[in-house]
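# Structure at a glance
Chain by chain, the residues run as shown.
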Amino acid sequence: SDSSSGKSIEKCFFVKSKNPQQSSLLCARTLLKAINTFQIPHDAMPQKDEEKEEAARTTEKDNTDELNNLEFQVVRIVWNGLVEDKEKKPSRFLGRKSLGPIYNLIVASILDNHNDNSLPSGVDQNELICFMNEFGSLLKNAIKRKAGDGAAKHNKMQGRDDDSCLVWDSDGGKEELKRRRGRRKQKAKAANIGIQETDVSGLTIEEIPEGEEAEDKHEDDVKAT
């Protein structure tokens with residue numbers, strides 16, 4: 001499990017699927033489409049972070065809630081404006097800090113439409129939920145790490161695996177993968193055995209095409225690589 005936050009993250013391996021990679025891409029496409037079409041309600045409140053709330057209770061930051069709500073309202077206005085503009089999408093212009101406070105709302109909107117055709121066909125609903133939960137945990141870890149969270153920085157310095165780097169780092173996780181390969185080589189060298197390099201490159205959430213019309217293009221891109 002990914003221990004970057006000190007807590008175990010339940011991972012989704014799509015064991016019920018005949019094609020786990022395809023199922024993961026379908027879930028990612030469903031999530032991406034929901035992100036780019038979700039309108040934040042006017043009465044919505046930012047997602048609460050229990051750890052931040054506990055820290056706020058032990059400090060004298062009386063204006064924390066007010067500042068968080070103000071920031072959330074700014075995000076809501078900008079986010080909804082991008083959704084309404086057919087030529088722009090939130091996923092292209094906004095990042096993890098904007099997505100974090102509303103991620104649970106987006107997931108809820110997906111699951112509320114469980115009888116809708118927008119859900120990925122052929123994917124077990126429990127595995128879809130597991131995928132959404134894992135993605136949300138990685139999003140939360142990335143936000144903490146980039147904000148300079150003490151535990152996250154400590155784990156990074158200790159060289160612990162952090163899957164949030166694979167999703168959210170600007171290099172697409174190249175440095176994280178390089179570090180892991182280096183560790184495997186060191187272990188193999190110590191054991192006096194050889195290891196075979198594998199190509200672990202793939203699409204990021206931003207690169208996954210949306211809609212059925214994009215599936216052929218994705219297949220062509222894969223064949224061209």
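Residues numbered from 1 in each chain as written. Predicted model: local features only at pLDDT ≥ 70, side-chain atom pairs only at ≥ 80, totals over all residues. Heavy atoms only, no water.

### Things to note about the nonpolar core
The cut-off we apply is this: Nonpolar cores are built from buried Ala, Val, Leu, Ile, Met, Phe, Trp, Tyr and Cys residues. Side-chain atoms within 4.5 Å join them into one set. Relative accessibility thresholds used throughout: buried, under 20% of the residue-type maximum; exposed, over 50%; partly exposed, between the two (1.4 Å probe, protein chains only). Helix numbers and strand numbers start at the N terminus; a helix is a DSSP run of H or I with at least 4 residues, a strand a run of E with at least 2.
Core analysis: the largest hydrophobic core is formed by 30 residues, its most contacted members being Leu-31, Trp-79, Leu-99, Tyr-103, Ile-106, Phe-131 and Met-132. Mapped by element, the contributors of at least two residues to this core are helix H1 (20-37), helix H3 (64-84), helix H6 (103-112) and helix H7 (125-146).

### Here's the deal with the packing of aromatic side chains
The condition that has to hold: In this analysis, rings of Phe, Tyr and Trp, with Trp reduced to its six-membered ring, are considered paired at centre separations within 6.5 Å, and the interplanar angle assigns stacked below 30 degrees, edge-to-face beyond 60, and tilted for intermediate values.
In the structure shown here, the tally under the stated rule is 3 aromatic pairs. Between Phe-14 and Phe-131 the ring centres are 6.2 Å apart and the planes differ by 45 degrees, which places this aromatic pair in the tilted class. Here the residue Phe-14 occupies a position in the segment before H1, and Phe-131 occupies one in helix H7, the gap between them amounting to 117 residues. Judged on exposure class, the residue Phe-14 and its partner Phe-131 are both buried. Arranged with centres 5.7 Å apart and planes meeting at 55 degrees, the rings of Phe-135 and Trp-168 form a pair that is tilted. Placement of Phe-135 in helix H7 and of Trp-168 in helix H9 (residues 164-168) is noted, with a sequence separation of 33 residues between them. The pair formed by Phe-135 and Trp-168 is uniform in burial state, with each residue classed as buried. Here the aromatic cluster, defined as three or more aromatic residues joined through ring pairs, consists of Tyr-103, Phe-135 and Trp-168.

### Description of the packing of H6 against H7
In a pair of packed helices, the angle between the axes and the distance between the axes together describe the arrangement. The condition that has to hold: Angular values range over 0 to 180 degrees, each being the angle between N-to-C directions of two axes fitted as lines to C-alpha atoms, with helices fitted over their stretch in contact. If an angle is under 35 degrees, it is roughly parallel; if it is over 145, roughly antiparallel; if it lies from 65 to 115, roughly perpendicular; otherwise it is oblique. Contacts are residue-level and defined by heavy atoms, with any inter-residue pair within 4.5 Å sufficient. Residues were grouped as follows: Ala, Val, Leu, Ile, Met, Phe, Trp, Tyr, Cys and Pro as nonpolar; Asp, Glu, Lys and Arg as charged; and all remaining residues, including Gly, as polar.
Viewed as axis vectors pointing N to C, H6 and H7 meet at an angle of 170 degrees, and their least axial separation amounts to 11 Å. For the element pair H6 / H7, the angle class is roughly antiparallel. For the pair formed by H6 and H7, the contact residues are Tyr-103, Val-107, Ile-110 and Leu-111 on the first element and Leu-128, Ile-129, Met-132, Phe-135, Gly-136 and Leu-139 on the second. Across the contact of H6 with H7, the residue classes tally to 9 nonpolar, 1 polar and no charged.

### A word on unusual backbone geometry
Look at Phe-14: it is not a glycine, yet its phi comes out positive at around 50 degrees. When its relative accessible area of 4% is taken as the criterion, Phe-14 is described as buried.

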